Amino acid sequence: MVIQRLQVRSSGKRQAPRPLQSAKREADSSAIPSDSQTDPRPKDPAGLDVQPSLLEDHAGSQGDTMKEDMPSNITDEQQGWFLSGNASDDDSLYLSGAPPLPLNPWDVVLCVSGTIISCENAVVVAIIFYTPAFRTPMFLLIGSLATADLLAGLGLIFHFAFIYCIQSQVVNLITVGLLVSSFTASVGSLLAITIDRYLSLYNALTYYSERTATRTYMMLIITWGIAISFGLLPVMGWNCLKEVSACSVVKPLTKNNLIILSVSFFMVFAVMLQLYVQICKIVCRHAQQIALQRHFLATSHYVTTRKGISTLAVILGTFASCWLPFAIYCLLGDYTYPAFYTYMTVLPATYNSMINPVIYAFRNQEIQKVLWTICCGCVSSTIPFRSRSPSDV
């Protein structure tokens, strides 16, 4: 009896939890809905849910759309005219209809330089144009130099305005063409002035003749013809807008185009250097002859010679220090180089157009008289001008 009771009790303990566990499983199964109730979406033959992949594709398409709508200049560093080679193909071109670009300090400096250049050379051009006495070959060449530098200053201002306002490829190509033409004409006018100075010393007796005027007009026509031709090249299609790998350090000019300009500059610089060496020899020889004829002291001859040589050294040294860094960098650099180097070399080149009026115009006594007459009225406009040769400037 005792054994039977223990078996009954033990069997009761083992069978008692079964209804509880089954009830718990039924409760859990009733609390958790079936797949058909929770996810009525269709499944693919493999039994996987198709809808999440569709959502991912939809989200990816929305992300791509947002990337396309997002302006490219928000994350990329804006570098104005000179874009680095790390930029994408679209960033290397001038975008039309894009939002306003952030100001680049280098472009601001170039714009300020262009304003100063324009003001200085506009004064020189106005004085030469409205003064009948300034119709000699020497002043025509100085006027050509001032006109070229005036256009260069205006080109820098237009570049700043167009790159941040209009942002059109066509307009910017025209601006680049204007800058190339104006700076080429400026360098060419400097060469023409150097040739005119040399001829005024070498052929002093026949300088004031009709041949001099004809030669001056021919030099001006050749100078501006070559300058305009170089400026039309990027506008007529010789640019790198469609092929970024062909770009130079100055977009949108091609590497070959900039090499031609650099080689032309070195040729002009070599001719100017040779001419100024000959001018120094002639000046020293003339100073020695004058000292012997008038019985001057050796110190006076030395002072005169040193003054002439120092003036020519300042002229040639200023030209070389302004343009040589940019010309060398154009030969060595390419579109992958940072834009910082381009700005660092092109900025001194623009300063040459700022210094030219001081060297070639404002040092001239006749132009100084006209300036004093305009500003203060201290000198009468009827004062006759003394005829001067280019060697006196």
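The present account deals with the structure reproduced in this document. Values in this document were obtained by computation on a predicted structure and should not be read as measured data. (Residues numbered from 1 in each chain as written. Predicted model: local features only at pLDDT ≥ 70, side-chain atom pairs only at ≥ 80, totals over all residues. Heavy atoms only, no water.)

**Considerations on the state of the cysteines**
By the definition in use, this model includes one disulfide. Of the cysteine sulfurs around Cys280, a residue in no disulfide, the closest is that of Cys284, at 6.4 Å. (Disulfide = S-S within 2.5 Å.)

**A look at the layout of surface pockets**
Of the voids in this model, the second largest pocket is the one considered here, and its volume is about 700 Å³. What lines the second largest pocket is a set of 34 residues, and nearest its centre among them are Val180, Phe183, Thr184, Val187 and Leu261. Only helix H7 (169-202), helix H8 (210-235), helix H9 (255-293), helix H10 (298-332) and helix H11 (339-361) provide two or more residues apiece to the lining of the second largest pocket. Top contributing element to the lining of the second largest pocket by residue count: H7, with ten residues. For the lining of the second largest pocket, the per-class residue count stands at 28 nonpolar, six polar and no charged. (1 Å grid on protein atoms, 1.4 Å probe; cavity = no way out; pocket = protein on both sides within 12 Å on 5 of 7 lines; lining within 4 Å. Points joined across faces, edges and corners; volume = space filled by probe spheres on them. Helix = DSSP H or I, 4+ residues; strand = E, 2+ residues; numbered from the N terminus. Nonpolar A, V, L, I, M, F, W, Y, C, P; charged D, E, K, R; others polar.)

**Here we look at the packing of helix H6 (residues 137-166) against H11**
A pair of packed helices can be characterised by two numbers: the angle between their axes and the separation between those axes. Put simply, H6 and H11 touch, their axes get as near as 10 Å, and they point 150 degrees apart. Classed by the angle they form, the pair H6 and H11 counts as roughly antiparallel. Crossing hand, H6 versus H11: left-handed. Where H6 abuts H11, its residues Ile142, Leu145, Asp149, Ala152 and Leu156 lie against Thr350, Ser353, Asn356, Tyr360 and Ala361. Taken together, the residues of the contact of H6 with H11 sort by class into six nonpolar, three polar and one charged. (Axes fitted to C-alpha atoms, helices over the stretch in contact; angles between N-to-C directions. Parallel < 35°, antiparallel > 145°, perpendicular 65-115°, else oblique. Left-handed = near helix turned anticlockwise from the far one by under 90°. Contact = heavy atoms within 4.5 Å.)

**Let's talk about the nonpolar core**
Nonpolar side chains in soluble globular proteins tend to be buried together. In terms of nonpolar packing, the biggest core is built from 62 residues, with Ile142, Met272, Tyr276, Phe319, Trp323 and Tyr360 touching the most fellow members. Breaking this core down by element, the ones donating at least two residues are helix H5 (105-130), H6, H7, H8, H9, H10, H11 and helix H12 (365-375). Tallying contributions element by element places H7 first for this core, with twelve residues. Once you skip the residues sitting within four places of it in the chain, Met272 turns out to touch Leu190, Leu191, Thr194, Leu316 and Phe319. (Core = buried A, V, L, I, M, F, W, Y, C linked by side-chain atoms within 4.5 Å. Buried < 20%, exposed > 50% of the residue type's maximum accessible area, 1.4 Å probe, protein only.)

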